[in-house]
Amino acid sequence: MLNTASTLTNAEIRHDWTTAEILQLLQQPLLDLVYRAQTIHRRYYPDHDIQLATLLSVKTGGCSENCAYCPQSAHYETTVEKQPILPVAEVLAAAERAKELGSDRFCMGWAWREIRDGKAFDDMLEMVRGVRSLGLEACVTAGMLNDSQAQRLAEAGLTAYNHNLDTSPEFYDQIITTRTYGDRLQTLDAVRRAGITVCCGGIIGLGETLSDRAQMLQVLATLTPHPESVPINALVAVAGTPLQEQQPIDPLDLVRMCATARILMPQARVRLSAGRSSLSREAQVLCFMAGANSIFYGDKLLTTGNPECDADRQLLNDIGGVSDR
Ligand code: SAM
Ligand code: DTB
Ligand code: SF4
């Protein structure tokens, strides 16, 4: 029944999506959009499993960038204080706990503008090797990097590098002025050239328009190949940041983003990322219906809260299929 001509056309992997087409998808009646996304999802992920990724902030706070959403930026007064970089052993102990909890991927974050060579980078490489030797996928997010650093991360066995576009090229400079959209794309190129998979997505709820969301998705969907993981974050409005007063997004907008990302990038892991603490179980299940197939699993994201592991385990058990976790 799925093999109708129109479904096949829907499921083609395309890299030439236009913003107008994407805007049209985002504006479709919700149930039509979710149906189309779910149809594609089932074709590319017949097991429709949900990947669990655990986050750890290895270097917290004191970042020189001015990303308006970020509690770790040194430009803003938030409750996040600059912390010393965590030692390798502590990070690997956390990775082991994540493995015991049933995580598939261990993601490590550094609040840096860019990676610099030296001890902290050598330690990062050791962390990557350690996480991989536990049998987990390893992901790093640490700002910009160059070809040689990407190459060394690849040699250490890094599975994925996370570097988000965050928003549209047009809206970008209202959110960040300390680096450009082009800088972001250059880092993604270096990651790709080194043979590391790309984890790249964005945030909704920054004050962007629907057209900004479509433009951001257009940039992602025209990357060749598509990013292997696409995190969709809802802004966590943190006191002290310029975006502290932003109104929460409508959870149905997150459903639309997940569905559209699934249609545009059928093979990607679409990760329902920051903002899950404010979503009902039902809204999360709708996102899964719409094609989200990964979550951050662990009581904390980098500096802000995430649903408790117990609550997530319960949710996954209640929707079925993961009773062994
Ligand atoms: N410094 C590195 C960078 O910017 O690439 C890595 C860490 S940074 C915290 C990773 C991503 O987290 C950002 O690109 C952004 O998409 C997301 N993020 C940060 N703060 C957030 C917030 N308050 N709400 C939602 N997403 C957020
Ligand atoms: C991503 O897209 N979201 C994660 C991960 N990649 C690194 C980070 C979310 C951070 C939310 C705010 C915080 O906890 O500091
Ligand atoms: Fe720094 Fe990353 Fe936060 Fe921007 S998002 S301020 S680069 S830690």
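Computed from a predicted structure; not experimentally measured.

1. Considerations on the packing of helix α3 (residues 30-44) against helix α9 (residues 251-264)
Logical step 1: Where α3 meets α9, the axes come as close as 9 Å, and the angle between the chain directions of the two elements is 40°. With respect to each other, α3 and α9 are oriented oblique. Between α3 and α9 the crossing geometry is left-handed. Taken together, the residues of α9 that come into contact with α3 (itself represented by L30, L33, V34, R36, A37, I40 and H41) are L252, V255, R256, A259, T260, R262 and I263.

2. Regarding the site of ligand 1
Logical step 1: Residues in close proximity to ligand 1 total 16 residues, the closest being Y69, T141, N164, D166 and V236.
Logical step 2: Here an oxygen atom of ligand 1 sits 2.9 Å away from a polar atom, N or O, in the side chain of N164.
Logical step 3: Taking D166, its side chain carries an N or O atom lying 2.6 Å from an oxygen atom of ligand 1.

3. Describing the site of ligand 3
Logical step 1: Around ligand 3 sit C63, E65, C67, Y69, C70, S73, A111, W112 and R179, and those are all the residues in its vicinity.
Logical step 2: The residue makeup of the shell around ligand 3, split by class, is six nonpolar, one polar and two charged.

4. A closer look at the pattern of salt bridges
Logical step 1: Within the structure shown, the criterion is met by 17 salt bridges.
Logical step 2: Put simply, E228 and R192 hold a salt bridge, and the shortest N to O gap is 2.9 Å. Taken together, the positions of E228 in the loop between α8 (210-222) and β7 (229-234) and R192 in helix α7 (residues 181-193) put the pair 36 residues apart, joining distant regions of the chain.
Logical step 3: Of the residues examined, E228 reaches a relative accessible area of 29% and is grouped as partly exposed.
Logical step 4: Note that D310 and R313 form a salt bridge whose closest N and O atoms lie 2.6 Å from each other. One end of the pair is D310 and the other is R313, both in helix α11 (residues 309-319) and three residues apart, which spans about a single turn.
Logical step 5: With relative accessibility at 54%, the residue D310 sits in the exposed group.
Logical step 6: Among the residues examined, R313 registers a relative accessible area of 23% and is labelled partly exposed.
Logical step 7: If you follow the salt bridges from partner to partner, you end up with E65, R113, E114, R116 and R179 in one network.

5. Focus: the pairing of β7
Logical step 1: Among the six residues that make up β7, six are buried, leaving the element largely enclosed by the rest of the structure.
Logical step 2: The pairing of strand β6 (residues 202-204) with β7 spans three bridges and is classified as parallel. When the bridges of β7 are listed, I204 appears paired with A234.
Logical step 3: As paired elements, β7 and strand β8 (residues 269-272) share four bridges and run parallel to each other. Along β8, the bridge assignment pairs V230 with V270.
Logical step 4: Between the parallel elements β7 and β8, the chain passes through α9 in a crossover that is right-handed.

6. Brief notes about the environment of C107
Logical step 1: Mapped onto the fold, C107 is located in strand β2 (residues 105-110).
Logical step 2: As for C107 and A95, which are separated by 12 residues in sequence, their C-alpha atoms are 8.9 Å apart.
Logical step 3: Excluding residues that lie within four positions of it along the chain, C107 makes contacts with A53, T54, L55, L56, C139 and F296.

7. Details of the packing of aromatic side chains
Logical step 1: Counting across every chain of the model gives two aromatic pairs.
Logical step 2: When the ring of W110 is compared with that of W112, the centres are 6.0 Å apart and the planes differ by 40°; the resulting orientation is tilted.
Logical step 3: Judged by centre distance (5.1 Å) and plane angle (85°), the ring pair of Y172 and Y181 falls under edge-to-face.
Logical step 4: Judged by relative accessible area, which is 3%, Y172 ranks as buried.
Logical step 5: For Y181, a relative accessible area of 11% translates into the label buried.

Conventions used here
- Here the residue index of a chain counts from 1 through its sequence in written order.
- Working convention: letters from A go to chains and numbers from 1 go to ligands, in the order in which they are written.
- Predicted model: local features are reported for residues with pLDDT of at least 70 only, side-chain atom pairs are reported and counted for 80 or more only, and whole-chain, interface and lining totals are derived from all residues.
- Only hydrogens and water are set aside when side-chain values are computed; all heavy atoms of the structure are taken into account.
- Here the axes come from fitting lines to C-alpha atoms, over the contacting stretch only for helices, and the angles between their N-to-C directions go from 0 to 180 degrees.
- Helix and strand assignments come from DSSP, with helices taken as H or I runs of at least 4 residues and strands as E runs of at least 2, each series counted from the N terminus.
- Any angle that falls under 35 degrees is termed roughly parallel, while one over 145 is termed roughly antiparallel, one within 65 to 115 roughly perpendicular, and all others oblique.
- Note on convention: near helix rotated counterclockwise from far helix by under a right angle means a left-handed crossing. Clockwise means right-handed.
- Note on contacts: a residue pair qualifies if any of its non-hydrogen atoms lie within 4.5 Å across the two residues.
- Proximity is defined per residue: any heavy atom of the residue falling within 4 Å of a molecule or strand makes that residue near it.
- Polar contacts, as used here, are pairs of N or O atoms within 3.5 Å; protein pairs need one atom able to donate a hydrogen and one able to accept it. Residues neighboring in sequence count only if both atoms are side-chain atoms.
- Polar here means any residue other than Ala, Val, Leu, Ile, Met, Phe, Trp, Tyr, Cys and Pro, which are nonpolar, and Asp, Glu, Lys and Arg, which are charged; Gly is therefore polar.
- Whenever Lys or Arg places a side-chain nitrogen within 4 Å of a carboxyl oxygen from Asp or Glu, that contact is recorded as a salt bridge.
- Here's how the labels work: a residue is buried when its accessible area is under 20% of the maximum for its type, exposed when over 50%, partly exposed in between, all with a 1.4 Å probe on protein chains only.
- Two strands qualify as a pair provided DSSP detects at least 2 bridges between them.
- With strands facing away from the observer, any crossover in which the path from the first strand over the helix to the second runs clockwise is taken as right-handed.
- Only Phe, Tyr and Trp rings take part, Trp by its six-membered ring, and two of them pair if their centres are within 6.5 Å. Stacked means planes under 30 degrees apart, edge-to-face means over 60, and tilted covers everything else.

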